[in-house]
Amino acid sequence: MQSPLVITGMGMISPLGCGVHAGWDRLLAGRSGITSITRFDTGELPIKVAGAVPDIESDPEAGLDPDRVLDAKERRKLELFSLYAMAAAQEALTQANWFPSNDAEREATATIVGSGIGGFPTITQAQNTLSTRGHRRLSPFTVPAFLANLAAGNVSIRYGFRGPLGCPVTACAAGVQAIGDGMRLIRSGEAEVALVGGAEACIDPLSLASFNAMKALSTEQNDPTKASRPFDQARNGFVMGEGAGLMVIETLAHAEARGATPLAILSGYGTSADAHHITAGPEDGAGAAAAIRAALRMARLAPEAIDHINAHATSTPVGDRAEIASLRNAFGDALAGIPISATKSATGHLLGAAGGVESIFSALSTMHDRLPPTLNLENADEDLSDLDFVSGSAREHRSQHVLCNGFGFGGVNAALIVSKV
């Protein structure tokens, strides 16, 4: 019988703060990480709010201190999403106590960090420099900064991980798919340990304007904390977020052999394609349901065995409806008895990093038997009255198995089941 795959380290950078414990405590307390955009002048842009990672000046308790991650000279070579990945990796690897000291261990360590867009701000800034100052003013680090795989690449270089290196670039499913890819690499024998998850940093005028052109973003102007409203009748789009969520995974046998503490089990994973539309799933949710069923099969669980669902739930009417359709498709009548949370209500949508961060939240739910609240869920869609949404405040609830979903443009679906050790 195969040894279970377990998480032995977790690291998180999110709009709720830096560090797993700070993010989790604030999530359970019902705090929102969504604020007015101050990084640049939004001008006539109708998008005024985002889930930005706080800095140490604005949040002395849990803000990001870049000097504790890299020195200023090295930071100039990196895009922000890579810096977030480096910070999350530092925390995850420290908790797991995984710092290979020989070639065999280094070659057995995979680094898989997904990203939906990568260094988009570097591209927009480089184009502006080219247009206004000419090609000679471009930085030689422009390309290495914006390539989506450079979050994984920089982490691998820093720690000397010489095993498989990868980066799913699968929109908002990238973080969950990176975890699934790492699981496969360990099962195939190509790696013994994998650092997996996602990183993203696209709070940028062009990315916001582009998503706004699709009418995908919330245009909330008055209260940023109310902008992300998954499943609520008043929702009007998602809120752009940023950050990174990474975890160290390995078999239980490998963890025990080296004295590491297993935090949670990765019991099931599934992925699929809608083959339907570039931005919307089919009305019956069949594509995403296929990924959920695949995860249940791998975990050898019946649908009713799931104790909690951390939904992808971006706060767009089309996306939320499609996800509920997929859950009804996969769970049938059992869905009514499963509590559902939508943590993007507190963080915004971290695109390719969402799956990494939300998988960690799912693991914490199994570890502490606490379900995070869905903020701003005051009036759910009328056809959702039979469902049990965790709204208002956190809930104590034994969670043996938690489902975490990630769906992306192009029709990509991914589902992960995290279980109690």
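Residues numbered from 1 in each chain as written. Predicted model: local features only at pLDDT ≥ 70, side-chain atom pairs only at ≥ 80, totals over all residues. Heavy atoms only, no water.

**Quick look at the layout of surface pockets**
Quick note on the threshold: Buriedness for pockets is judged along seven lines, at least five of which must meet protein on both sides within 12 Å for an open set on the 1 Å grid over protein atoms alone, while cavities are sets there where a 1.4 Å probe fits but cannot get out, and lining residues have an atom within 4 Å of a point. Grid points are joined across faces, edges and corners, and a volume is the space filled by probe spheres set on the points. Runs of E in the DSSP output that reach at least two residues are strands. Runs of H or I that reach at least four are helices, and both are numbered from the N terminus. Residues are grouped as follows: Ala, Val, Leu, Ile, Met, Phe, Trp, Tyr, Cys and Pro are nonpolar; Asp, Glu, Lys and Arg are charged; every other residue, Gly included, is polar.
In this structure, the largest pocket encloses a volume near 670 Å³. Contributing to the lining of the largest pocket are 38 residues, with Thr279, Ala280, Thr316, Gly319 and Phe409 lying nearest its centre. With seven residues, the top contributor of residues to the lining of the largest pocket is helix α12 (residues 317-331). Residue classes in the lining of the largest pocket are distributed as 18 nonpolar, 16 polar and four charged.

**Concerning the packing of helix α11 (residues 286-299) against α12**
Definition in use: To get an axis, a line is fitted to the C-alpha atoms, and for a helix only the part in contact is used. The angle between two axes follows their N-to-C directions and goes from 0 to 180 degrees. For classification purposes, an angle smaller than 35 degrees is called roughly parallel, one larger than 145 roughly antiparallel, one from 65 to 115 roughly perpendicular, and anything else oblique. Two helices crossing with the near one rotated counterclockwise from the far one by less than a right angle form a left-handed crossing, whereas a clockwise rotation gives a right-handed crossing. It only takes one pair of heavy atoms within 4.5 Å for two residues to be counted as in contact.
Running from N to C, α11 and α12 cross one another at 50°; their axes reach a closest spacing of 8 Å. By the angle class used here, α11 and α12 are oblique. Considering how the two elements wind past one another, α11 and α12 form a crossing that is right-handed. Between α11 and α12, the contacting residues are Ala286, Ala288, Ala289, Ile292 and Arg293 on the first element and Ser326, Leu327, Asn329, Ala330 and Phe331 on the second. By residue class, the composition of the contact of α11 with α12 is seven nonpolar, two polar and one charged.

**Here's the deal with the pattern of salt bridges**
Using the following cut-off: Should a side-chain nitrogen of Lys or Arg be within 4 Å of a carboxyl oxygen of Asp or Glu, the pair is scored as a salt bridge. Burial classes: relative accessible area under 20% of the type maximum marks a residue as buried, over 50% as exposed, and values in between as partly exposed (1.4 Å probe, protein chains only).
Tallied over the entire structure, the rule returns 19 salt bridges. In this structure, the salt-bridge partner of Arg75 is Asp67, at a minimum N-O distance of 3.0 Å. Between Lys77 and Glu74 there is a salt bridge, with its nearest N and O atoms 3.3 Å apart. By relative accessible area, Glu74 is classed as partly exposed at 32%. Salt bridges linked by common partners bring Asp103, Arg106, Glu107 and Arg162 together as one network.

**What about the environment of Leu78?**
Inspection of the secondary structure assignment puts Leu78 in the loop between α2 (72-75) and α3 (80-96). Overall, the relative accessible area of 16% leaves Leu78 in the buried class. Along the primary structure Leu78 and Phe161 are separated by 83 residues, whereas in three dimensions their C-alpha atoms are 19 Å apart. Setting aside anything within four residues of it in sequence, one finds Leu78 in contact with Leu70, Leu83, Met86, Ala145 and Asn154.

**A short note on the pairing of strand β7 (residues 193-200)**
Our working definition: Criterion used throughout: strands pair if DSSP finds at least two bridges between them.
Along β7, eight of the eight residues are buried, which leaves the element largely enclosed by surrounding structure. As judged from the six bridges shared by strand β5 (residues 109-114) and β7, these two strands associate in the parallel manner. Counterpart to Val113 in the pairing with β7 is Gly197. One ladder, built from eight bridges, connects β7 with strand β8 (residues 243-251); its direction is antiparallel. Each residue of the ladder has a partner; that of Gly198, found in β8, is Gly245.

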